[in-house]
Each structure stands twice: as structure tokens, then as C-alpha cells.
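Chains, contacts and geometry: an overview
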Amino acid sequence: MKVVILGLLLLVATCTAERPSLKIEDWQGRYIVQFKKECQSKGLKSVVEAAIPGEDSLFLEHVNAYIVKTPKLKIGQAIQITSVEDSLLKDCVASIEEDRLHTLEETPTTAQSELIIDPETKEASVNPEFNFYYAWHLDRINARQGLDQDSTVQFSTTNESDVYIIDSGIDRHHIWLEDRCAPSDSDHFVAFDDTDDCGFYACDKNTHGTHVSGLVASDLYGYNPNATLHAVKVFNYSGRTTTSVILNGIDWVISYSSTKSTPASVNMSLGGGYDSQLNSGVAELVANNVNVAVAAGNETSDACSKSPASESTVLTIGATEQDDSMAWFSNFGSCVDFFAPGLDIVSTLPNNYVGTKSGTSMATPIVVGFMSAVAASQSSYFKDVPAVQTAIKDILTTNAVIGTSTNNDLIYGGYTLSNATEAVVETANTDVVEPDQVVETRKTPEIVEDSSSNFFRYTFIAVCLAAVGFVAYKRNTTGKKNTLIEENYGKMI
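Residues numbered from 1 in each chain as written. Predicted model: local features only at pLDDT ≥ 70, side-chain atom pairs only at ≥ 80, totals over all residues. Heavy atoms only, no water.

Here we take up the overall build of the protein chain. Counting its secondary structure elements, the protein chain contains 9 helices and 23 strands. Residues classed as buried in the protein chain amount to 59% of the 493 residues present. Intrachain contacts of the protein chain at a sequence separation of at least 6 include 77% that bridge at least 24 residues. When the accessible surface of the protein chain is summed, it comes to about 19,000 Å², and 49% of that surface belongs to carbon and sulfur atoms. (Helix = DSSP H or I, 4+ residues; strand = E, 2+ residues; numbered from the N terminus. Buried < 20%, exposed > 50% of the residue type's maximum accessible area, 1.4 Å probe, protein only. Contact = heavy atoms within 4.5 Å. Areas by Shrake-Rupley, 256 points an atom, 1.4 Å probe, with all protein chains shown as cover.)

Next up, the structure:
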């Protein structure tokens, strides 16, 4: 009996500590063989390895996939399998596709505002036109309407949770992230043969993953500073990856998180064209009790044509501007569950910088920060992804987003988490009587004026920083400046 398979290499590994490292630039000739879930217990690993031998082969048991590269195969040609187990493979193979190379291209920014902090002296050099203390995205999601210049987050849970950032790595030594990141290298994962030389494992030379991480858990910019961050690095410095590498990262998250007793959430600020294998891999996260939010994409098109945005089991997030209009770049449609702020979003950048980026990439971690806090707020939410999703959706600000006719709801994080599911959701957009808030005051990171600056000048700036920064910030937003959009096929978004 003969089985003919057209293929793509999938890079996702098993839960062993030593996984073969795939090279992103050496993706041609790799294939991803995906199996039906019901065949998990049929001993496929030894069968497929014998039937399709090759270099750098990986059997990813958690995402039901096998990745292989062999000189006998050529892209676009058929793979002929002849073995006594052909019938088993024929019955169990769901799809075989060729690996895809994904790249990141960023739209250049104009006059990006930044702050740099000296990790030794804690002194900061500040652009006086940039109010780095004010996070408009937190201000907006904490109210039913508008902005009041208060980005203080109200939260009532101090319970721990784990958040996995599937991205370009994290600057784990950033002064505002170092106590948020898991301490050991073994708590993080690099899904490819990483040649980035920046001093530590799963580092971020690209900047995207560090910015996303700050929106989950940093003091000033994230909703849940009680979350523990784990870098799952799938993009290299130049912003390139493959489908197989992403799947390898997903497989590691499922394996690692299964050993933890805390709720698990995943942020995927990435995407591309429709890819059934990538969607299936993401669905396995949910099936293994991991909460997932993904970016809708930045192509101003239907998110249902994108992956993983089209996967129905996860939360797909679109982006808004400060006036609640749908961001000019955001994808839309029935596959978008709801929206979150995504234009000119300030957060952490590598080497103790902060700055602004824009995209559904930024909207998604805002949701993940809140989602991880909700997941940790009640014991009944542990390993119950549908319950967490329902708790979030039940308190959305409905019909808030201007410019889209489908699923135009906005995230709302103004309730105390312990009472979120007890809120009277029918009145969500009228005169809401909210439960008593338990407000925890965050410790604002101390910023010491640059010693080389004029004392009186910077004292005046410190007093006026919020007002001046907001005016400049608003002008930039209106003019569509300071915008960093990643909008390439199969990319960070």
C-alpha cells in the first residue's frame, strides 16, 4: 500500500529538555505533517519517523505534528511512503504542508519619544514632550466612556499567574520588567537556532516582544503586574520566523504549563494568511487549558482570512484609537471578538527604554494582562478557558467602537476582578452601578532627574510634564504620527 503526501515541515518539539534547534533561514525542504487528534495514542512517533526519516526531525506530541527535512524531498513534490504501517499513516494524517517563511516589516516611525533609565543610578533622561507616566490605554479601559487622564489600574487579585509571550523574546533585564520575568533560563524557550548575541537566553534585539511584555505586566503600562512572564522566542532579530518554529513554541508552552499550578495565558501578537495548521496548533493551547488572545492583524481587512486570528477558540483582538474609532490599520469582521486600544501605545523597549508602537500587536497584550488577572481571580477559573472568556465578554463596553459594524465592543477593566462575574451586565452601557472597588496603589518607579541637566529647568518640567506631554501626545495621535505598524505576511502585528 502506498500513501502520497504533499508536505511542509513543522517545527514543534516534544516536551524533552533537549529539542533539535531548527534554523529559520534553512526552512526550504521542511515539511509539517499534521495528524488527526484521535490518533494521538496510536504510537505514531516511531511509525512516521521510520516512514519519513530526515535531518532535524521533530515529533510534536502536543500539537499532533511531525516536522522533517530530507534531501530526498523537494518543495512541491510528493512524498511516497512505503512501509508496513502505511495504512495507519493514511488513516491518521490530517494534512501535510510545506513550511512557510514569515517576515516582519515595520513602517518607519516619526519622532518616536523615548525615555532611557540608567540601571545603576536610576537616573533618567526624559524628552520633555513625552509623558511616559500616562498610559492612555489603561485610562480608556478603566472607564465606560472617554479619557480622564488617570491611568491607575483598579485590581483586587494578588494571585499569581503565568503569561507566555510568543514573540521576539524579552529584555528580562529591563528595570521595569526584571522582577516580572521568570528567573531561570529554563522558564523560557527559544524555538529555533538563535544567533542573536545580546548577553542572555531568549533576549530581544528586535524590541517587539519587550514592548508587548510591558503591556501585560509592567507597573506603568500593564494591567497585571502580578503575572510572571515567560519568553517564547519565535522571531529572530530581523523579524523572521517559520510556521514550524511557531508550532515548536506552542508545543513547549503546552508541555511547560502542564507542570504549573497557576493559570496560564498566551499572547500571540503575530499573524499572516490563513493557515489551518497554525490554527490547529493554537487550538491545542485552549484544549490544554491555556487562555489565548491573538492579534486580528493590521491589513484593514477581514480577520477571518488570517491566522491565527480566524481560530474560533481563542480571543481575537482588534485595535482602536483614542476617540474609540477603529484604528485605521485594524482588521475587522466576525472573527474579531472585541477591540482594545492600539494606536500610539507606550510601553517598555530593550535597554531600559520606553516608547510608542501601534498595531493590533499592542491591543492584544492589553487584553492578555486583564485576562491573566481574571484567570487568577477565582479558583473556579483555573483550567476553565470558556469561563474566563465569558467573564471578560460579559462586562465589555458594547457598541463602543466607531467604524465597524460587527463585534464593535471594547474591553472593560474597571470592575474589581473578584466581583466581575457578579456585575449587572444588562446595564453595561447605561448608568452602571459598579461593585465596591478595591484599589491597590501601585508603586510608581522612581525617576531621578538627569544630573547633567539644569535643576530648575527640570523641576519645572517635572511639574508640567503630564500636561505638556498629553498635548504633544494628542497632536501626534491626530496626525497619525509616532506609529509603528508591522504589516507583512506572517509577521508580528
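Read on for the rest.
A few words now on the pattern of salt bridges. Taken as a whole, this structure holds 13 salt bridges when the rule is applied. For Asp162, the salt bridge identified is with Lys260, shortest N-O distance 3.9 Å. With Asp162 in strand E10 (residues 161–167) and Lys260 in the loop between helix H5 (243–257) and strand E14 (264–268), the pair connects residues that are 98 residues apart, well separated along the chain. Salt-bridge contacts for Arg180 lead to Asp219; the nearest nitrogen and oxygen are separated by 2.9 Å. Residue Arg180 is located in the loop between E10 and strand E11 (189–190), and its partner Asp219 is located in the loop between helix H4 (208–217) and strand E12 (227–233); the two are separated by 39 residues in the primary sequence. Through salt bridges that share partners, Glu97, Arg100 and Asp275 make up one connected network. (Salt bridge = Lys/Arg side-chain N within 4 Å of Asp/Glu carboxyl O.)

In spatial order, the strands read E11-E12-E10-E14-E16-E18-E19; together these 7 strands make up an open sheet with parallel pairing. Strand pairing shows two members of the sheet lacking a second neighbour, E11 and strand E19 (338–341), which therefore form its edges. Summarising the sheet, strand E18 (residues 315–320) and E19 pair through 4 bridges and their orientation is parallel. Counted as the bridge partner of Gly318 is Phe339 from E19. Of the strands in this sheet, E10, E12 and E14 touch H4, which is tilted by about 155° from E10. Its contacts with the sheet put helix H7 (residues 360–377) on E10, E12, E14, strand E16 (290–295), E18 and E19, and the angle it makes with E16 is roughly 165°. (Pairing = 2+ DSSP bridges. Axes fitted to C-alpha atoms, helices over the stretch in contact; angles between N-to-C directions.)

This part is about unusual backbone geometry. A cis geometry characterises the amide bond from Ser307 onward to Pro308, with omega recorded as 5°. Here Pro308 shows up in the loop between strand E17 (306–307) and E18. At Asn289, a position not held by glycine, the phi torsion is positive, near 70°. One can find Asn289 in the loop between helix H6 (276–287) and E16.

Another aspect to go through is the environment of Ala264. Counting through the fold element by element, Ala264 comes out in strand E14. On a C-alpha basis, the gap between Ala264 and Val253 in space is 9.1 Å, while along the polypeptide they are 11 residues apart. Here Ala264 is in contact with Asp162, Tyr164, Ser257, Asn289, Val290 and Asn291, once residues within four sequence places are set aside.

Close inspection of predicted coordinates is inappropriate in any region flagged by low pLDDT. Summary statistics for the protein chain give a mean pLDDT of 77 and a share of 70% for residues scoring 70 or more. Strand E22 (residues 448–449) is the least confidently modelled element of the protein chain, averaging 32 in pLDDT, while E19 averages 98, the highest of any element. Per-residue pLDDT stays below 50 along residues 1–17; that stretch engages in 98 contacts with residues further than four places along the chain or on separate chains. Confidence over residues 417–489 falls short of pLDDT 50; this stretch has 164 contacts with residues more than four positions distant or in other chains. (pLDDT = per-residue confidence, 0-100.)

This part covers the nonpolar core. Counting residues in hydrophobic clusters, the biggest one holds 93 residues, and the most contacted among them are Ile250, Met268 and Val292. Among the elements that take part in this core, H7 stands out by supplying 10 residues, more than any other. When neighbours within four sequence positions are excluded, Val292 is seen to be in contact with Val266, Met268, Val282, Leu285, Val286, Val314, Leu315 and Met371. Residues Val33, Ile52, Phe59 and Ile96 belong to the second largest nonpolar core, which totals 15 residues. (Core = buried A, V, L, I, M, F, W, Y, C linked by side-chain atoms within 4.5 Å.)

Among the secondary structure elements, Ala373 is positioned in helix H7. Sequence-wise, Ala373 and Ala227 are 146 residues apart; in three dimensions their C-alpha atoms are separated by 7.6 Å.

Applying the stated criterion across every chain, the model contains 3 disulfides. The partner cysteine of Cys198 in its disulfide is Cys203, sulfur to sulfur 1.7 Å. Residues Cys198 and Cys203 are joined through a disulfide that is right-handed, its torsion about the S-S bond being 90°. Here Cys304 is linked by a disulfide to Cys335, with a sulfur-sulfur distance of 2.1 Å. (Disulfide = S-S within 2.5 Å.)

Here we take up the pairing of strand E4 (residues 65–69). The element E4 is largely enclosed, with a buried count of 5 among its 5 residues. Of the two faces of E4, both are covered, the one formed by Ala65, Ile67 and Lys69 as well as the one formed by Tyr66 and Val68. Direction of pairing for strand E3 (residues 55–60) relative to E4: antiparallel, over a ladder of 4 bridges. Within E4, the residue paired with Glu55 across the bridge is Lys69. Linking E3 back to E4 in an antiparallel pair, the connection comprises 4 residues, with Asn64 at a positive phi of about 55°.

The next subject is the packing of aromatic side chains. All told, the structure shown has 8 aromatic pairs when counted by the stated rule. Summarising the aromatic geometry, the rings of Phe35 and Phe59 are spaced 6.1 Å apart at their centres and angled 35° between planes, so their arrangement reads as tilted. Here Phe35, found in strand E2 (residues 30–35), pairs with Phe59, found in strand E3; they are 24 residues apart in sequence, far enough to count as distant. Accessibility classification places Phe35 together with Phe59 in one group, the buried group. Between Tyr164 and Tyr256 the ring centres are 6.1 Å apart and the planes differ by 75°, which places this aromatic pair in the edge-to-face class. Here Tyr256 lies in helix H5 and Tyr164 lies in strand E10, a separation of 92 residues in the sequence. Considered together, Tyr164 and Tyr256 belong to a single accessibility category, that of buried residues. (Phe/Tyr/Trp six-rings, centres within 6.5 Å; stacked < 30°, edge-to-face > 60°.)

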